[in-house]
Amino acid sequence: MPTGAYAQAADSTDRAMDTTYIREFKEKLSLRLLGAMKSLKLNARGTENDTVYQYGPRYRYYTGIGGSLWNVGFTLLVPVSRLVKDEEVDVFRLNLQSSLFAHRWLLSGSYQRYKGYYIRPAGQFKTWTQEQFRQQMFSQKLEGSITYLPNGNRLSLRAPYNQAVQQIKSAGSFIMSGGFSYFLLKDRTGILPYALQPDDQLPVRSLRIYAINTLTGYACTLVHRHFYLHLYGLTGFAFQLQKYGSDTEVKAFAVKPVYDGRAAIWYDNGDMYGGVYALANYNDFQVQQIAFGQTTTQIRFFVGLRLNQPGWLRKLKPAFLDKWRNSPTLPFPSIFE
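The structure presented is a predicted model; accordingly, all values stated were derived computationally and were not measured.

To continue, consider the overall build of the protein. Looking only at helices and strands, one finds two helices and 15 strands in the protein. A buried classification covers 49% of the 337 residues belonging to the protein. The contacts of the protein with a sequence gap of at least 6 include a subset with a gap of at least 24, amounting to 68%. If you sum the accessible surface of the protein, you get close to 16,800 Å²; carbon and sulfur atoms cover 58% of it.

Encoded structure:
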C-alpha cells in the first residue's frame, strides 16, 4: 500500500494529523468516476388537512469525473437525463456544493436554483397534468456552515469524499457547527397548492426565510481491513426570520429544529477505491396554516484509483499552495492539508 504519510509534527500548534490513524497521499494523483443524484425536496401540508403536496421535479441525475491533485479535490458533473417526459415543459435546475477540509475544520456551502414546478398530492408521481405545472415558480437556496472537530487530528472528514487521505484506524469525534441559510420561493399566481389556498384571501406570492443555525453532534469512521463505514450526524435549532405575503409583506420570527447527516460506505486498498456516500439536511417552516418541510439531498457513487504524479505535473504545482500549507500565521489549519 502506498505510504505517503508524513510524521506528526511536534510543534505547539498541533496542526499535523496523527499518522497512526490517517494516511496522506501527498505525491499521488487521485482520479475517480462519479454518478450522482442531487435534489431539493419541498412538501406542503395544511394544518387542518392531512394531504401532503409535493413540489417537483425533486431530483436530477449527473455523471462525471473527480479526484484530487496537489491535495486539492475537484469534481466535474453534467446532467444525464431529462427531468420530465413532456418536451414542452420548461424546467431549470442548478445544484452546486463545495467543501473545504482541514484537520479540525469543515467549511461547507451549497447553492440551489430551481425554476418551473408542478405541485400535486404525494404519491402521484406516475401521472401529472399541465394544470399542475407552474412555469414561473422560482426557488433559490443558499447555505453555508463551519464545523469544528476537537479530535480532528485523528478523524478525517474528507476521507470518504475526495480520497486525498485514507482513514486507517477507527476514530470518532464530537462536532459543533454553526451556519446560515437563505431560502426564496415565489410565483405571481401564488406559492401554495390551489387546494390549500383560501378563496377569501389573496394568494401568497413570495416567501423568504433567513436563518442562523447552531448544531452539535458526533462523527466517526469505522475501519475493518479495507472496508470503511462513515457516520456523521448533527441536530440543533434554526433561528428564522420569515417574510411572506402578497401585496403586503408579513414578518415573523420562529425557532425550528434542523438536522444534518452524512453517511458513507466504501472500499480502499490504497491503490483503488469505490463506494457510495449520501448527504442530507432538513428544516421546516410555516406560512399561515401551511406547514412546509424542506430536504436537500445528494447521493454519489464513485470508483477510482491513485496514480504516481508525473514529473511534469509536479513542476506545475503553484508555489502558493506550499506557502499556505506551511504558513504559521494562518488562524486555521491549512485547507489543503
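Pairs can form between side chains of opposite charge once their charged atoms are near each other. All told, the structure shown has three salt bridges when counted by the stated rule. D18 is the salt-bridge partner of R154, the closest N and O atoms lying 3.3 Å from each other. Linking R154 in the loop between β8 (133-148) and β9 (165-167) with D18 in the segment before β1 (22-24), this pair joins segments that are 136 residues apart in sequence. Judged by relative accessible area, which is 32%, R154 ranks as partly exposed. On the basis of relative accessibility, which here comes to 8%, the residue D18 falls in the buried class. Of the charged contacts, one joins R306 and D268 as a salt bridge, the two residues approaching to 2.8 Å between their closest N and O atoms.

Relative to strand β15 (residues 290-308), strand β2 (residues 28-46) runs antiparallel, the two being bridged by 19 bridges. Considered in β15, the bridge of S30 is made with R306. Pairing between strand β14 (residues 272-287) and β15: 16 bridges, direction antiparallel. Note that in β15 the partner of N281 across the bridge is T296. Hairpin connection of β14 to β15: two residues between the antiparallel strands, including Q288 at a positive phi of 55°.

Bringing the pairing of strand β6 (residues 92-101) into the picture now. Alignment of β6 against strand β7 (residues 105-121), held across 10 bridges, turns out to be antiparallel. For L94, the partnering residue across the bridge sits in β7 and is R113. The antiparallel pairing of β6 with β7 creates a hairpin that spans three residues between the two strands.

With that out of the way, let us pick up the confidence of the model for the protein. Per-residue confidence for the protein gives a mean pLDDT of 82; residues scoring 70 or more make up 84%. Every residue in residues 1-14 is under pLDDT 50, and counting partners more than four places away or in other chains gives 33 contacts.

Next up on the list: the packing of aromatic side chains. Scanning all chains against the criterion turns up 16 aromatic pairs. When the ring of Y161 is compared with that of Y277, the centres are 4.7 Å apart and the planes differ by 90°; the resulting orientation is edge-to-face. With Y161 in the loop between β8 and β9 and Y277 in strand β14, this residue pair connects regions lying 116 residues apart in the sequence. Assessed through its relative accessible area of 8%, Y161 is described here as buried. Measuring from ring centre to ring centre gives 5.1 Å for Y182 and Y210, while their planes differ by 45°; the resulting arrangement is tilted. One end of the pair, Y182, is in strand β10 (residues 171-186); the other, Y210, is in strand β11 (residues 206-224), and 28 residues separate them in sequence. Of the aromatic side chains, those joined through ring pairs into one cluster are Y55, Y114, Y117, F183, F285 and F292. The ring of Y62 is capped by K38, whose NZ or CZ atom sits 5.3 Å from the centre of that ring. A cation sits over an aromatic face here: R134 above Y194, 3.9 Å from the ring centre.

Calculation notes
Per chain, residue numbering runs from 1 following the sequence as it is written. Only residues with pLDDT of at least 70 are given local features in this predicted model, and only at 80 or more are side-chain atom pairs given and counted; all residues enter the totals for whole chains, interfaces and linings. Excluded from the side-chain calculations are hydrogens and water; all other atoms, namely the structure's heavy atoms, are used. Strands here are runs of E lasting at least two residues and helices are runs of H or I lasting at least four, both read from the DSSP assignment and numbered beginning at the N terminus. Throughout, exposure labels follow a simple rule: accessible area from a 1.4 Å probe, protein chains only, divided by the maximum for the residue type, with under 20% read as buried, over 50% as exposed, and the rest as partly exposed. Contacts are assigned to residue pairs with any non-hydrogen atoms lying within 4.5 Å of each other. The method behind every accessible area is Shrake-Rupley, applied with a 1.4 Å probe, and residues are considered shielded solely by the protein chains displayed. Here a salt bridge means any side-chain nitrogen of Lys or Arg lying within 4 Å of a carboxyl oxygen belonging to Asp or Glu. Pairing between strands is defined by DSSP: at least two bridges between the two strands are required. Think of pLDDT as the predictor's per-residue confidence, scored from 0 to 100. Aromatic pairing here means that ring centres of Phe, Tyr or Trp (its six-membered ring) are within 6.5 Å. Orientation follows from the plane angle: under 30 degrees is stacked, over 60 is edge-to-face, and everything else is tilted. Each ring is checked for a lysine NZ or an arginine CZ that lies within 6 Å of its centre and within 35 degrees of its normal; such an atom marks a charge sitting over the ring.

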